[in-house]
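# Analysis of the macromolecular model
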Amino acid sequence: MSSHLLPSYARVDLAFERGEGVWLVATDGERYLDFASGVAVSALGHSHPHVVAAITEQVAKVIHVSNLYRIPEGERLAERLCDASFADTVFFCNSGAEAMEGVLKMVRKYQSANGHPERYRILTFEGSFHGRTLATLAAAKNKKHLDGFGPAMDGFDQVPLGDIEAVKRAITPETAGIVIELVQGEGGVRAAPPQFFRELRQVCDERGLLLAFDEVQTGIGRLGELFGYQKFGVEPDIMALAKGLGGGFPVGAVLATEAAAKGMTPGTHGSTFGGNPLAMAAGNAVLDMVIKPEFLDHVRQITLLFRQRLAEIKDRHPSVIEEVRGEGLLIGLKCKVPNGELIDALRAEKLLSVAAGDNVARLVPPLIVSDAEVAEAMARLDRACAAIERGKTLPKPGAAG
Ligand SMILES: *Cc1c(COP(=O)(O)O)cnc(C)c1O
């Protein structure tokens, strides 16, 4: 498998030719049940007719014009996102990391615009992930991700997830805000209790700090509400979206209240591609579907069924699965065996999943997944676990003694 692509990914030797709903068809014709969704991206599955039609129609009209001009499709998407959320204003970009860069800049600028330029430091949490740019890496402080890339950018202080006393102790006169994922996705599908988010809101209000949620993975229906914070009952001042927002087309967004966005005046931030007409057509098409109450009802219902079946399988295979974690259709299987072993066994059963930190295998199916497809996936998970158990008790054929 030699290739001229930069070898910065550990790729599996498998390529897909097309997709239909929750299924991906490999170049050898094999069909895979896609519970990876391109890392929690393909919210409406593959080749969704409404998304295909919207994108195709827009491609034929105009793809890109730049932010030198008004973009009506973007004004419409921003209005709809604001109507459906706490926010008053939206900045569009092209990825999760870029959305989080926008969040970090906005938190700093808010304090500066309010006469506190000395307040630039941001509190983040252990185990978090906010992207692969230098600022988002500095925010998450993951040593493995920072290694070899020079001194990390200053301005981030980290505390343990869920420890409100540690948060209070870490706040100084230089602190500008707090940034947190509602459920840590890459970090291992770990969530603080809802109470913690209420406590963060209170601390931010008392100390004049901004509260920013990284909903790049949890937003757009993944947790059974349009935005994850709606489930936790706490509103942020700023929120980042990306993964599910464009249904596979790269779209990121920073949503903010008018007060939090103070200071982001013309010339303070930008992106050449951000919010172009094609991206906005994709975003509007995804929102058309996900915003429907019956769509979110479906996500919640399927989550219940899924969790029930997972609990049964965990009980049947305690030597493979230690714990089932997560919210909505962001599910983590904490493994007893190395998580890669379960992911490989699932792929052998033609079920796709994604690794996460803390030895977790993530199941993040498209939100349109049906009862029958969940049942099929669970049958495959059951067989994969059984195969691992057999491999552990029986000597592997051909294994040298
Ligand atoms: C994936 C992810 C990001 C980074 O998004 P990219 O599009 O890969 O830049 C940031 N934050 C969270 C919570 C994510 O899950």
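The rules we used
- Residues numbered from 1 in each chain as written.
- Predicted model: local features only at pLDDT ≥ 70, side-chain atom pairs only at ≥ 80, totals over all residues.
- Heavy atoms only, no water.
- Pairing = 2+ DSSP bridges.
- Helix = DSSP H or I, 4+ residues; strand = E, 2+ residues; numbered from the N terminus.
- Axes fitted to C-alpha atoms, helices over the stretch in contact; angles between N-to-C directions.
- Parallel < 35°, antiparallel > 145°, perpendicular 65-115°, else oblique.
- Left-handed = near helix turned anticlockwise from the far one by under 90°.
- Contact = heavy atoms within 4.5 Å.
- Disulfide = S-S within 2.5 Å.
- Buried < 20%, exposed > 50% of the residue type's maximum accessible area, 1.4 Å probe, protein only.
- Nonpolar A, V, L, I, M, F, W, Y, C, P; charged D, E, K, R; others polar.
- Phe/Tyr/Trp six-rings, centres within 6.5 Å; stacked < 30°, edge-to-face > 60°.
- Polar contact = N/O pair within 3.5 Å; in protein donor to acceptor, adjacent residues only side chain to side chain.
- Near = heavy atom within 4 Å.
- Areas by Shrake-Rupley, 256 points an atom, 1.4 Å probe, with all protein chains shown as cover.
- Core = buried A, V, L, I, M, F, W, Y, C linked by side-chain atoms within 4.5 Å.
- Domains from an automatic or database assignment.
- Buried area = accessible area lost by both parts, 1.4 Å probe.
- Salt bridge = Lys/Arg side-chain N within 4 Å of Asp/Glu carboxyl O.

An order of 11-12-15-14 is seen for the four strands of this open sheet, with the pairing classed as antiparallel. The open sheet has two free edges, formed respectively by strand 11 (321-327) and strand 14 (354-356), since each of these has just one partner strand. Mean inter-strand twist for the sheet, computed between neighbouring axes without regard to direction, equals 30°. Direction of pairing for strand 14 relative to strand 15 (residues 360-363): antiparallel, over a ladder of three bridges. By the bridge assignment for strand 15, alanine 356 is matched with valine 360.

Okay, the packing of helix 2 (residues 49-61) against helix 10 (residues 277-290) next. The N-to-C vectors of helix 2 and helix 10 enclose an angle of 155°; their axes lie 9 Å apart at closest approach. As judged from the angle between their axes, helix 2 and helix 10 are roughly antiparallel. Remark: the crossing between helix 2 and helix 10 carries right-handed chirality. Counting all contacts with helix 2, which are made through His50, Val51, Ala54, Ile55, Gln58 and Val59, the residues of helix 10 involved are Pro277, Leu278, Ala281, Ala282, Ala285, Val286, Asp288 and Met289.

Each disulfide is one covalent bond, formed between the sulfur atoms of two cysteines. Evaluation of the coordinates by the stated rule reveals zero disulfides. The thiol of cysteine 82 is not disulfide-bonded; the next cysteine sulfur, from cysteine 93, is found 14 Å away. The class for cysteine 82 is buried, based on a relative accessible area of 13%.

We now examine the packing of helix 3 (residues 72-83) against helix 10. At a minimum axis separation of 8 Å, helix 3 and helix 10 run at an interaxial angle of 35°. When the axes of helix 3 and helix 10 are compared, the crossing they make is left-handed. Across the interface between the two elements, Glu73, Gly74, Arg76, Leu77, Arg80 and Leu81 of helix 3 pack against Pro277, Met280, Gly283, Asn284, Leu287 and Asp288 of helix 10. Broken down by class, the residue content of the contact of helix 3 with helix 10 amounts to five nonpolar, three polar and four charged.

Before going further, it helps to examine the packing of aromatic side chains. Under the defined criterion, the tally for this structure stands at eight aromatic pairs. Where phenylalanine 86 meets tyrosine 229, the ring centres are 5.6 Å apart and the plane angle is 80°; that geometry is what we call edge-to-face. Of this pair, phenylalanine 86 sits in the loop between helix 3 and strand 4 (89-93) while tyrosine 229 sits in helix 9 (residues 229-232), and the two are 143 residues apart along the sequence. Taking relative accessible area as the criterion, phenylalanine 86 reaches 9% and is therefore assigned buried. Judged by relative accessible area, tyrosine 229 falls into the buried class, the value being 4%. Ring geometry for phenylalanine 197 and phenylalanine 213: centres 5.9 Å apart, planes at 85°, overall edge-to-face. Within this pair, whereas phenylalanine 197 is found in helix 8 (residues 194-207), its partner phenylalanine 213 is found in strand 8 (residues 210-214), the two being separated by 16 residues in sequence. Of the two residues, phenylalanine 197 and phenylalanine 213, both sit in the buried class. A network of ring pairs unites the aromatic residues Phe125, Phe196, Phe197, Phe213 and Phe232 as a single cluster.

As for its placement among the helices and strands, aspartate 237 is situated in the loop between helix 9 and strand 9 (238-241). Between the C-alpha atom of aspartate 237 and that of arginine 201, which follows or precedes it by 36 residues, the distance is 9.5 Å. In this structure aspartate 237 touches Phe86, Arg201, Leu209, Leu210, Leu211, Leu255, Ala256, Thr257 and Ala260, once residues within four positions along its chain are discounted. Reaching out from aspartate 237, the side chain makes a polar contact with the side chain of arginine 201 at a distance of 3.0 Å.

This paragraph deals with the site of the ligand. In the region of the ligand, the neighbouring residues are Ser95, Gly96, Ala97, Phe129, His130, Gly131, Glu181, Glu186, Asp214, Val216, Gln217 and Lys243. Alanine 97 places a polar main-chain atom, nitrogen or oxygen, 2.7 Å from an oxygen atom of the ligand. Protein chains bury 81% of the 390 Å² of accessible surface belonging to the ligand in isolation. For the shell around the ligand, the per-class residue count stands at three nonpolar, five polar and four charged.

With that settled, consider the pairing of strand 11. Two elements, strand 11 and strand 12 (residues 330-335), share six bridges in a ladder whose sense is antiparallel. Bridged to arginine 325 within strand 12 is glycine 332. Following strand 11, the chain reverses through two residues before pairing antiparallel with strand 12; glycine 328 in that reversal takes a positive phi of roughly 55°.

With mixed pairing, four strands are arranged side by side in an open sheet as 1-2-3-13. Edge strands, defined here as strands with exactly one partner in the open sheet, are strand 1 (16-20) and strand 13 (351-352). Across four bridges, the pairing between strand 1 and strand 2 (residues 23-26) is antiparallel. Bridge pairing in strand 2 links phenylalanine 16 to alanine 26.

Let's shift gears to the nonpolar core. Membership of the largest hydrophobic core comes to 100 residues, with the highest contact counts inside it found for Val167 and Leu342. Residues from two domains meet in this core; each of domain 1 (16-40 + 293-390) and domain 2 (49-290) gives at least three. Excluding residues within four positions of it along the chain, leucine 342 makes contact with Val320, Leu333, Cys335, Val337, Ala361, Leu381, Cys385 and Ile388. Core analysis: the second largest hydrophobic core is formed by 25 residues, Cys93, Phe156, Ala212 and Ala240 among them.

Here we take up the domain arrangement of the protein chain. Domain assignment breaks the protein chain into domain 1 (16-40 + 293-390) and domain 2 (49-290). Placing the centre of domain 1 and that of domain 2 at their C-alpha centroids yields a distance of 27 Å. Summing both sides of the interface, domain 1 and domain 2 together bury roughly 1,800 Å²; the carbon and sulfur share of this comes to 59%. Our count for the domain 1 to domain 2 interface comes out at three salt bridges. We note a salt bridge from glutamate 327 to lysine 231, for which the minimum N-O separation is 3.1 Å. The interface formed by domain 1 and domain 2 holds nine residue pairs in polar contact (both at pLDDT 80 or more) in total. Listed by contribution, the elements that provide at least two residues to the side of domain 1 that touches domain 2 are helix 1 (37-40), helix 11 (293-316), strand 11, strand 12 and strand 15. Sorting elements by how many residues they give to the side of domain 1 that touches domain 2 places helix 11 first, with four residues. Counted by class, the side of domain 1 that touches domain 2 contains 14 nonpolar, five polar and five charged residues.

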